Amino acid sequence: NPGTPNRLYGVKAITPKNIWAVGNQFIPAIQGNQTLIEHWNGTSWSVVASPSIPNFSNNLVDVAAVSASNVWAVGASATVSTSALLTMHWNGISWSTIAGPGVSGSSAFNGAAHVPGTNKVWAVGSFTPGSVSQTLIVYYC
């Protein structure tokens, strides 16, 4: 959107003609961020429709790819007082939100990586069940 702050935080090249970038875009009407996913097809970048959690500020920070039809994006959905894990999956046709692990307190993913030769994707971040943050490591397969 022209004049709207957009930010990209993570990028993954599957091939020279298949690259994904993830981040967020500020939506003035809701005064919050919604997910932003862009795709490079070898010629140009285009915005690809992606879901956002209503009434939350949604931010994607990293992307990992198993294949052209198995791509993962991670980040967080936040309110003023808390945040929750945000995981999305590309199935070759569309992006969908995937339920993450149930953790107590505020939580966020900060990175993701595909394990070569497998269908596994690791995501890392943190959660705060009380007053001290804890590390968080999750894998999807």
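Note: the structure precedes this text.
Structural notes, computed from the coordinates. Chains are numbered independently. Their residues run from 1 in the order of the written sequence. pLDDT decides what is reported in this predicted model: residues at 70 or higher carry local features, side-chain atom pairs at 80 or more are listed and counted, and totals for whole chains, interfaces and linings draw on all residues regardless. Derived side-chain values reflect all non-hydrogen atoms in the structure, with water molecules and hydrogen atoms excluded from consideration.

Side note on the sheet that holds strand S5 (residues 57-67)
Next, step 1: Pairing between two strands is assigned when DSSP locates at least 2 bridges connecting them. A helix here means a DSSP run of H or I that spans at least four residues, while a strand means a run of E at least two residues long, and both kinds are numbered starting from the N terminus. The strand order S5-S6-S7-S8 describes an open sheet built from four strands, whose pairing is antiparallel. Two strands bound the open sheet, and with one partner strand each, they are S5 and strand S8 (95-98). Averaged over all pairs of adjacent strands, the angle between strand axes in this sheet comes to 25°, irrespective of strand direction.
Next, step 2: The sheet contact formed by S5 and strand S6 (residues 70-78) spans nine bridges and is antiparallel. Paired with alanine 64 across the strands is tryptophan 72, a residue of S6. Axis geometry follows a simple rule: fit a line to the C-alpha atoms, using only the stretch in contact for helices, then measure angles between N-to-C directions, giving values from 0 to 180 degrees.

Description of the packing of aromatic side chains
Next, step 1: Any pair of Phe, Tyr and Trp rings, taking the six-membered ring for Trp, is counted once the centres come within 6.5 Å. Such a pair is stacked with planes under 30 degrees apart, edge-to-face with planes over 60 apart, and tilted for the rest. Scanning the model with the defined rule gives six aromatic pairs in all.
Next, step 2: A centroid spacing of 5.3 Å and a plane angle of 85° characterise the contact between tryptophan 20 and tryptophan 95, whose relative ring orientation is edge-to-face. Remark: tryptophan 95 occurs in strand S8 and tryptophan 20 occurs in strand S2 (residues 18-27); sequence separation between them is 75 residues. Residues tryptophan 20 and tryptophan 95 agree in their burial class; the two are buried.
Next, step 3: Considering the side-chain rings of tryptophan 40 and tryptophan 45, the 5.7 Å spacing of their centres and the 50° angle between planes classify their relative orientation as tilted.
Next, step 4: Through a chain of ring-to-ring contacts, three or more aromatic side chains come together here, namely Trp20, Trp90 and Trp95. For the exposure calls, accessible area comes from a 1.4 Å probe over protein chains only, and a residue counts as buried if that area is under 20% of its type's maximum, exposed if over 50%, partly exposed in between.

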